[in-house]
Structure formats: C-alpha cells, structure tokens
Amino acid sequence: MDKGNLSIVSEFVLLGLCHSWNMQVLFLMIFFILYLIIISGNTVIMILIITDYRLHSPMYFLLANLSFVDIWLSSVTTPKMITDFLRENKTISFRGCMCQILYVHFVGGGEMVLLVVMAYDRFVAICKPLHYLTVMSLQKCTWLVVTSWTIGFVHAMSQMAVIVQLPFCGPREIDSFFCDIPLVIKLACIDSYNLGILMNADSGVLAMTCFILLLISYTYILLTIRQSSKTGASKALYTCTAHITVVVLFFGPCIFIYVWPLSITWVDKFLAVFYSVITPLLNPAIYTLRNKEIKDAMKRFRL
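Given the structure is predicted, the values throughout are model-derived calculations rather than measurements.

The subject of this paragraph is the packing of helix α3 (residues 94-127) against helix α7 (residues 193-227). Where α3 meets α7, the closest approach of the two axes is 9 Å, and the angle between their N-to-C directions is 15°. Between α3 and α7, the crossing angle belongs to the class labelled roughly parallel. The element α3 and its partner α7 pack so that their crossing is left-handed. Contacts from His105, Gly109, Met112, Val113, Leu115, Val116, Ala119, Arg122, Phe123, Ile126 and Cys127 of α3 reach α7 at Ser203, Leu206, Ala207, Cys210, Leu213, Leu214, Ser217, Tyr218, Tyr220, Ile221, Thr224 and Ile225. A per-class count over the contact of α3 with α7 returns 17 nonpolar, five polar and one charged.

Bringing a nonpolar patch on the surface into the picture now. Taken together, the side chains of Met208, Ile212, Leu213, Ile216 and Tyr220 make up a nonpolar region of the molecular surface, amounting to roughly 450 Å² of accessible area. With respect to the element layout, Leu213 can be found in helix α7. Looking at Leu213, the relative accessible area reads 41%, which means it is partly exposed.

This next bit is on the sheet that holds strand β3 (residues 173-174). One open sheet accounts for three strands, arranged β2-β1-β3; its pairing is mixed. Of all the strands in the sheet, just β2 (91-93) and β3 have a single pairing partner and so form its edges. Pairing between strand β1 (residues 11-14) and β2: three bridges, direction antiparallel. The residue bridging Val13 from the neighbouring strand is Thr91, located in β2. Along the sheet, α3 contacts β1, β2 and β3; its crossing angle with β2, the most-contacted strand, is approximately 85°.

On inspection of all chains with the given rule, the structure shows 20 aromatic pairs. With a centroid separation of 6.1 Å and 75° between ring planes, the pair formed by Phe123 and Tyr220 is classed as edge-to-face. Of this pair, Phe123 sits in helix α3 while Tyr220 sits in helix α7; the two residues are 97 residues apart in sequence, bridging distant segments of the chain. On the basis of relative accessible area, Phe123 is assigned to the buried category, the value being 19%. The class for Tyr220 is partly exposed, based on a relative accessible area of 48%. Residues Phe211 and Phe251 carry aromatic rings whose centres are separated by 5.9 Å and whose planes lie at 40° to one another, so their mutual orientation is tilted. One end of the pair, Phe211, is in helix α7; the other, Phe251, is in helix α8 (residues 230-259), with 40 residues separating them in the sequence. Owing to a relative accessible area of 24%, Phe211 belongs among the partly exposed residues under this scheme. By way of ring pairs, the aromatic residues Phe68, Trp72, Tyr103, Phe106, Trp149 and Phe153 are connected into one cluster.

Bringing the nonpolar core into the picture now. By size, the foremost hydrophobic cluster in this structure holds 77 residues, and its most contacted members are Cys97 and Ile101. Considering each element in turn, this core owes the most residues, 18 residues, to α3.

Take helix α1 (residues 21-51) next. Between its first and last C-alpha, α1 extends 44 Å over 31 residues, near the 45 Å set by a 1.5 Å rise per residue. Those residues of α1 that fall on the buried side of the exposure criterion are Gln24, Leu28, Phe31, Leu34, Tyr35, Ile38, Asn42, Ile45, Met46, Leu48 and Ile49.

Further remarks concern the pattern of salt bridges. Two side chains with opposite charge may pair up if their charged atoms get near one another. Under the counting rule described, the total for this entry stands at seven salt bridges. The closest approach of N and O atoms between Asp175 and Lys269, which form a salt bridge, is 3.0 Å. Highlighted residues: Asp175 in the loop between β3 and α6 (181-185) and Lys269 in helix α9 (residues 265-290), separated in sequence by 94 residues. We classify Asp175 as partly exposed; its relative accessible area is 29%.

On the secondary structure map, His105 appears in helix α3. By relative accessible area, which is 6% here, His105 ends up buried. Within the structure, the side chain of His105 is placed 3.2 Å from the side chain of His155, a separation counted as a polar contact.

With respect to the helices, strands and loops of the structure, Val184 is situated in helix α6. Not counting chain neighbours up to four residues away, the residues in contact with Val184 comprise Cys97, Met98, Ile101, Phe168, Ile174 and Cys179.

Here is what the cut-offs are and how they apply
Residues numbered from 1 in each chain as written. Predicted model: local features only at pLDDT ≥ 70, side-chain atom pairs only at ≥ 80, totals over all residues. Heavy atoms only, no water. Axes fitted to C-alpha atoms, helices over the stretch in contact; angles between N-to-C directions. Helix = DSSP H or I, 4+ residues; strand = E, 2+ residues; numbered from the N terminus. Parallel < 35°, antiparallel > 145°, perpendicular 65-115°, else oblique. Left-handed = near helix turned anticlockwise from the far one by under 90°. Contact = heavy atoms within 4.5 Å. Nonpolar A, V, L, I, M, F, W, Y, C, P; charged D, E, K, R; others polar. Patch = residues over 30% accessible without salt bridge, like charges linked within 9 Å, V, L, I, M, F, W, Y side chains within 5 Å. Areas by Shrake-Rupley, 256 points an atom, 1.4 Å probe, with all protein chains shown as cover. Salt bridge = Lys/Arg side-chain N within 4 Å of Asp/Glu carboxyl O. Buried < 20%, exposed > 50% of the residue type's maximum accessible area, 1.4 Å probe, protein only. Pairing = 2+ DSSP bridges. Phe/Tyr/Trp six-rings, centres within 6.5 Å; stacked < 30°, edge-to-face > 60°. Core = buried A, V, L, I, M, F, W, Y, C linked by side-chain atoms within 4.5 Å. Expected span 1.5 Å × (residues − 1). Polar contact = N/O pair within 3.5 Å; in protein donor to acceptor, adjacent residues only side chain to side chain.

What is shown is where atoms sit, not what they do.
Given below as structure tokens:
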C-alpha cells in the first residue's frame, strides 16, 4: 500500500456499550454510582491504613497500594465511558486513545504483580511466621511495590512501542467504550492478524506467569495451613480467602480475554466492564466485609 496516499486518523469513534438512548441513560446512572463507590471505598481504606497505627503492617501497606491501583485502573476508562453516555458522537483523539492503552496496561500489569507480592506476604506470614518482620520489612515492601510498578511500566511500553508505529487510515470505529489493543490493531492499514496474536501473547505471558506464581504460593500456604493447629489454620484460612477471591476475580476475566480464541462482541464488552468497574468495586468490599481489623479501624475512625 502506498503510504503517501494514506490519510492519517486523528481520532477514533467509540461505539460504546449499546445504541439505545434509554439503556444509555440507565447505564449512566448505574456506572456513575458504581464509580463513586469505587473512589470512596478505596479512598476510605487508604485513609484508615494511613491514619490508624494498628494497621501499620506489611499486609495493610500492600492493601493500601492495591486500593490506590484500583482507583487508577477504574479512572482510566470509566469517567470517559460515563460522559460518553451523554454524547451522540463518542470520539477520542489518537493521543487520548494511545494514553488509554498505555495506562490500562501500565496499571493492569502493575496490579498483577502486586497481587503476587501480596501472596508472597501471606506466604511468609503463614509459612515462616518467626521471620516475618525481618523478611517483610518496610524497605522490602517498598522495594516490592516499586518492582510491581516497574514491571507494569515495562510491559505497557513494550505494547506502546508497537502500537504507535502502526499506520491508521480508516476505518476508525472501535466497538467498545475504550481503546483496547486488539480492537485498535484491527484498524491498522496492514495485515494485523499475526501482530494481534503477538500482542495478546505478550499480555498473556505476564498474566499466566503471575497466575502460576500465585498458584504456587497459595498451594504452599494451604499445605502449611493443613498441618497447623485448628485455631491457627482457621485464622490463616480466613485471611487468605479474601486474597484468593480477589485473585480469582482479577485473573479470571484477564486470562479469558487473552486465551479465549473467539471474539464475541457482547462477551468482550462484559469482560471489559468487569475488569475496569466490577473488580475495583469488589476489592474494597471483600477486604472490608471480611476483615475484622478494618472494621475495628472504621469504628475507631468514626469515634
């Protein structure tokens, strides 16, 4: 194709979740309320952990970082989706589209690694309790969190290095509410089939590596719990259940997106909503409703 005859795409059109105006109004109210809950719920968790000295421990330090990541993950796509429900022409600039791709993979990749770090924290606490305070020092926790952000950034940049160099000359319609790499690649003026597989493999390798590390960690944890006393095992299992639930909710849709060979529009949209709205919403709910220390901290904060 003669690149000299290509017209450069300056913006993309987001088709959104649906075309019915009544449904868009309904979705607007639902997702606006959910987004407020995400922001307020995760913010409350961060404030409680920062202000309550009883929560100044490695586990809650990592939980505060998870809440911060969830706020950012949801904020990359949800506000744009909400405002687009009010617009007839749902467009996003080329630069804005590239920024969405960058931040979604930056924050998403960082959260994957952070969940592995949280599993490692539980592994040390349950399997090596006598060495916990030495191994999981504040310096070590800070280093692990920085590592998670670094891996997320490297992953995102590896994706962006390819995407920004693609030629886009039309069509420019993205059948989603945000710029997702597989959908954007399809709009490139080249044969993008092999490139799409390569980009999915890049994200899939990170997701599967983190998931396997999580499986190994929790396998060791469950084996240790099985050998512990009944009281200790019950407390440890209670703590780990919240972590395992969050892991399943986060990695389930993520792995499905990159492993499932078929592309079904409504399934892809549902998974995108689950990933950007439901998961950040459920994380604070799971940790708050099942965590006695957080509940006690909330009571003290109100007093």
